[in-house]
Amino acid sequence: MQLVGGLFAFCFAWDLGRYLVAAGVAFGLVWLVTRKRWQKKDLRREIRYSLSTAVVFALVGTCLKLGARFGVFRLYEGVATRDWLYFAFSVVAMIVVQDTYFYWTHRAMHQPRFFKRVHRVHHMSHDPSPWAAYAFAPAEAFVQAAYVPLVTLVLPIHELALFAFLGFMITRNVFGHLGIELLPKKFATSPLTQWSTTTTHHAMHHRRSDANYGLYFTFWDRLMGTTHPDYEPTFESSGLREFQNEAVARPAAVAGDTR
C-alpha cells in the first residue's frame, strides 16, 4: 500500500503540476496582452473539473507504473535498450496515434447517448479559457487517460519519451483553449501548415459541436468532411482579436447541443 500511495502521489503531483504551469502561464499571458475577461463561474468550474481530471489521470498513471513493473505495459528506462532514433520515433508515433484516437473517441462522445453523461461538462464552456484544458467529466477523463496504457501494451516507450509526450499534450491542449488566435494569417490555408489545428479550430468546435473534432491535426476532419465550413474564413478574420460568439452561427439543432 505504501508503494501504491507513493506512486499515486508522484503521478498526481506531475499531472496537477503540468496543468497548473501550462494553463496558468497561458492564462496570465492572455490576460496581460488582451485584458480578456472570462466569467468567474466558468473559471471555477473549469478548474474544479480539471482538478478531478488530475485525480483520474493519476489513478491511471499509478496502474500504468504498477503494470509496467509486472511486464504488462512496455515502459523502459535505459535509453541504451533502444537507440535515440527509436526514442524520437516513439514520441512522434504517440502524438500521431493519439490524434486518431482522440478524433474517433471525440466524435463518439458527441453521440446523444454519450454526450450528456461523458462530454457535456467540457462543452459547458462556450468561451473556454486555458483552465478548460482538462475540464472533463470523470468518464471523459478516463477515456483520455486510457490512451497511454493502451499504446504501451504494444509500443515500448521510454519514461523520458512519455514525459516529453505528456508535456506536448498539455501545451497543445492549453493552446486550443486560449480564446485568442496567435498564429499568422494564411496559416490555416497554407499547404505547409493547414494540417495543424489552431485555437480558432477548437474554439469553433466549442460553439458548434458538430464540426472540428481534431486534436493536433486537421487530417481526419478534412478526410471525413467534419471541418466547419466557415473555419478558414473565420481564422483569416480573427487575427489577435477575441472570438465573438456571433462569428460562429450555431444551427437550430445540433447533435449533442449544449444549450
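As a reminder, the structure under discussion sits directly above these lines.
Parameters at a glance
- By convention here, each chain's residues receive numbers from 1 onward along its written sequence.
- Reporting of local features is limited, given that this is a predicted model, to residues whose pLDDT is at least 70; pairs of side-chain atoms are given and counted only at 80 or more, and all residues count toward the totals for whole chains, interfaces and linings.
- Working from all heavy atoms in the structure, the side-chain values ignore hydrogens and water.
- In DSSP terms, a helix is any run of H or I states spanning at least four residues, a strand is any run of E spanning at least two, and both are numbered starting from the N terminus.
- Atoms counted for the radius of gyration: C-alpha only. Globule rule: 2.2 Å times the number of residues to the power 0.38.
- Any two residues having at least one pair of non-hydrogen atoms within 4.5 Å are treated as being in contact.
- When charges are counted, neither His nor the chain ends are considered; positive counts come from Lys and Arg and negative counts from Asp and Glu.
- One atom stands in for each charge, and that atom is NZ of Lys, CZ of Arg, CG of Asp or CD of Glu.
- Salt-bridge detection follows one rule: a side-chain nitrogen of Lys or Arg within 4 Å of a carboxyl oxygen of Asp or Glu.
- Burial classes follow relative accessibility: with a 1.4 Å probe on protein chains only, a residue under 20% of its type's maximum area counts as buried, one over 50% as exposed, and anything between as partly exposed.
- Any residue with relative accessible area above 30% and no salt bridge may belong to a patch, with like charges joined within 9 Å and the nonpolar Val, Leu, Ile, Met, Phe, Trp and Tyr side chains within 5 Å.
- Where accessible areas are quoted, they stem from the Shrake-Rupley method and a 1.4 Å probe; at the residue level, only the protein chains shown are allowed to cover.

### Topic: the overall build of the protein chain
Consideration 1: When helices and strands are counted, the protein chain shows ten helices and two strands.
Consideration 2: The order of α-helices and β-strands along the protein chain, N terminus first, is α-α-β-α-α-α-α-β-α-α-α-α.
Consideration 3: The C-alpha radius of gyration computed for the protein chain amounts to 19 Å, which stays within 12% of the reference 18 Å derived for 259 residues, consistent with globular compactness.
Consideration 4: Relative to all contacts within the protein chain whose residues are 6 or more apart in sequence, the contacts with residues 24 or more apart total 74%.
Consideration 5: Averaging the positions of the 27 positive and the 18 negative side-chain charges in the protein chain gives two centres separated by 5 Å.

### Some details on the pattern of salt bridges
Consideration 1: Overall, the coordinates contain seven salt bridges when judged by the stated rule.
Consideration 2: With its nearest N and O atoms 3.1 Å apart, the salt bridge here joins D127 to K36. With a gap of 91 residues between them, D127 in the loop between α4 (112–123) and α5 (138–145) and K36 in the loop between α1 (2–34) and α2 (40–69) connect regions that are remote in the sequence.
Consideration 3: Accessibility expressed as a relative area gives 2% for K36, which makes it buried.
Consideration 4: Taking the shortest distance from any N to any O, the salt bridge between R45 and D42 comes out at 2.9 Å.

### Observations regarding a nonpolar patch on the surface
Consideration 1: Residues V21, V25, L29, W31, L32 and V33 make up a contiguous nonpolar surface patch of roughly 600 Å² in combined accessible area.
Consideration 2: For L32, a relative accessible area of 54% translates into the label exposed.

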